[in-house]
Amino acid sequence: MSAPRRPLPPELQSELSQHTGGHELAQVWELLALADPVPGSSEADAVWSRISADIARGRPLLTPVAGSAALPPTLNTPRRAPSVQSRSWRPAVMAIAATLALLVGTGTWAARPVVVNTPLGQQESVTLPDGSVAELNAGSTLRYRAGLRGRLGLPAAVRELELEGEAFFDVVPNRTPFEVRTAEARVTVLGTRFLVRARADERDGTSVAVESGRVRVTPQGAASEVAVVLQAGQGTVVGRGVTAPTPVSVVGVERLTLWRRGGFALVDQPLDAIVRELERRYALDIGLANVPVGEERLSVYYPDRPSIETVLSDLCTPRGLRFSRTSRGYEISPSVETPLPTP
Amino acid sequence: MSDQTQDAERYAEWARRLAADDATALRALFDDTYEPLWRSVMRLVGDEAAARDLAQDAFVRVWDRRATLDPSLSLRALLYRTVRNLALNQLRDEQTRRHLLEDPGSAAISARPRDPATADQQLEASELAERLQQFIAELPPRQQEALRLSRFDGLSHQEIADVMGCAPRTVNNHLVRALEQLRSRLSSIGTVVSGLLLSTLGGAA
């Protein structure tokens, strides 16, 4: 049961102090904590998506990223967009999975985290409270405190977000640093465009690539001396349990962020990581149980949204593997005819 | 009370940002207010889907009026007042329609479902909590509304006065009478409101 959380309003307090039995009435007030409704929002996510559709006239605050279409040019411009776009945007298609999770019992409004969760097979663009934009790849979760504020609803010293999955950030510069936290790393910026990839099922931990501006990457729990600073076109990786990021390297940001434009590309990844990414992207189960995943690292590049079978075929054929349909997706297995473990 | 001062500052800040066409302020306002707001409409219309629609409508109206918002007036009070008016209009229209359809029986019953919180919502609550819900639901409508807005939704006296269209002084009177009635109902079921009871509660909390 929640603790009494509303102090007596001052007017009522002074009234009761002069009232016969006022003390008891104050206790009734406290007792009413028992009758306080248990928080649980009524489909807040769906309601918000309808509100944003109503008000934004073609530029909703939360935008589904069309899988195959090029990004609308308005994406990086401020919120209120030209109304030209309005007819092409269909609210009914939206499946926003943003949920407002309420911390029960704390009674502090600002402690409510906002959770944006993209389902498998779906990407979304989220306008954050500060006007920055986060584009989430499929199967990703972004959490931040309501209003990007501090614990007690005060202005925060840091615009702090937690990411599990993959997201591209376009940060509106202001005096408050913007920080993305993953299990492995803290990525701190002042205003820039960058990619963070932190898939829980990948061996690489967190990787960061910068499109413009500068960001600082610090392993979780490490002092800032070991941080590396990335400039545009550079990337780094913070592996699991390591205390220092890998040396800064030149990365193809264009390629790493191809998912934003409907394409599919992965650079230097083991087969199972690529398959996991396909599962998220196409919302399928892809069995890989009987296939030995070696040390081999692969890169794939499809500038336009490829069909799943095209990708599977390209992955399997050179490796002596085959794939077959199952009820929930595909199963990859060693080919019967050419049972060679390595190509 | 510093809580309420902080609230007032927050709403004033959002009103200023809304006036500057900042839609993120609407999102912040929504995160802050939606939950208690739909619940308050729910109590009026008794239907969750309708309550959602009315709450949604209220936010859109605030956005439409953003250019003329007065930062010295609480946005929260504006939202509550808006949904309240929308809900009452809807109930009135419904009653008129029923009247026109000559179905006099149903209007009075279904227009304001006055059941205390329905049983399935309360399965897990203690018996005392259920009784409290019931006693609150039995309060006269104005007292009940003032009490819920103040005790559960945390509105200031001034905000409640704006929502209900009365003086802050009247709000205080509603609250005192509501607490008095609750106290007498509680003692009628043998609950002695005392320091002992509260310390028990404190242990459970």
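Above this text you will find the structure in question.
Residues numbered from 1 in each chain as written. Chains lettered and ligands numbered in written order. Predicted model: local features only at pLDDT ≥ 70, side-chain atom pairs only at ≥ 80, totals over all residues.

Engineer: How would you explain the overall build of chain B if you had to name every residue and give the values?
Structural biologist: In terms of helices and strands, chain B carries 10 helices and 0 strands. In chain B, the succession of α and β elements from N to C terminus is α-α-α-α-α-α-α-α-α-α. Put simply, chain B has 205 residues, and 39% of those count as buried. Taking the intrachain contacts of chain B between residues at least 6 apart in sequence as the baseline, contacts between residues at least 24 apart amount to 57%. (Helix = DSSP H or I, 4+ residues; strand = E, 2+ residues; numbered from the N terminus. Buried ≥ 20, exposed ≤ 12 C-beta atoms within 10 Å, placed from the backbone. Contact = placed C-beta atoms within 7 Å.)

Engineer: Please provide a residue-by-residue account of the environment of A:Leu32, values included.
Structural biologist: Its location among the elements puts A:Leu32 in the loop between α2 (22-31) and α3 (44-56). Counting along the chain gives 26 residues from A:Leu32 to A:Arg6, while the straight-line C-alpha distance between them is 9.7 Å. The residues touching A:Leu32, leaving out its near neighbours within four places in the chain, are B:Leu132 and B:Arg151.

Engineer: I'd like a description of the nonpolar core, backed by residues and values.
Structural biologist: Grouped together as the largest cluster of nonpolar side chains are 101 residues, with contacts concentrated most on B:Val41, B:Ala55 and B:Val83. Each residue touching B:Val83, except ones within four places of it in the same chain, is listed here: B:Leu37, B:Ser40, B:Val41, B:Leu54, B:Ala55 and B:Ala58. Core analysis: the second largest hydrophobic core is formed by 13 residues, A:Val275, A:Tyr282, A:Val311 and A:Ile332 among them. (Core = buried A, V, L, I, M, F, W, Y, C linked by C-beta atoms within 7 Å.)

Engineer: Outline the packing of helix α8 (residues 157-164) of chain B against helix α9 (residues 168-188) of chain B, supporting the account with residue identities and numerical values.
Structural biologist: Residues and elements named next belong to chain B. Closest axis-to-axis distance for the α8/α9 pair is 8 Å, and the angle between their directions is 100°. One way to sum up the angle between α8 and α9 is to call them roughly perpendicular. Contact residues: α8 offers His 157, Gln 158, Ile 160 and Ala 161, while α9 offers Pro 168, Val 171 and Asn 172. For the contact of α8 with α9, the residue count by class is 4 nonpolar, 3 polar and no charged. (Axes fitted to C-alpha atoms, helices over the stretch in contact; angles between N-to-C directions. Parallel < 35°, antiparallel > 145°, perpendicular 65-115°, else oblique. Nonpolar A, V, L, I, M, F, W, Y, C, P; charged D, E, K, R; others polar.)

Engineer: Account for helix α2 (residues 23-45) of chain B, naming residues and giving values.
Structural biologist: Residues separated by three or four positions in an α-helix point in the same direction, a consequence of the helix having 3.6 residues per turn. Residue and element names in this part refer to chain B. With 23 residues, α2 extends only 29 Å from end C-alpha to end C-alpha; this falls clearly short of the ideal 33 Å at 1.5 Å per step. Where α2 bends most, at Thr 33, the angle is about 55°, and the proline Pro 36 comes one to four residues later. The buried fraction of α2 is high, at 21 of 23 residues. Downstream of α2 by a residue or two, Gly 46 has a phi angle that is positive, lying close to 70°. (Expected span 1.5 Å × (residues − 1). Bend = angle between axes of the 7 residues up to and from the residue.)

Engineer: Explain the sheet that holds strand β20 (residues 329-334) of chain A to me, using residue names and the numbers behind them.
Structural biologist: Residue and element names in this part refer to chain A. Within the open sheet, the 3 strands sit side by side as β17-β20-β19. Their pairing is mixed. Two strands lie at the open edges of the sheet, namely β17 (285-287) and β19 (321-325), each paired on one side alone. Each strand axis lies, on average, 20° off the axis of its neighbour in the sheet, ignoring direction. Taken together, the 3 bridges between β17 and β20 define a ladder with parallel strand orientation. Across the sheet, the residue bridging to Gly 287 is Glu 331, located in β20. Contacting β19 and β20, helix α6 (residues 308-316) crosses the sheet at an angle of about 155° to β19. (Pairing = 2+ DSSP bridges.)

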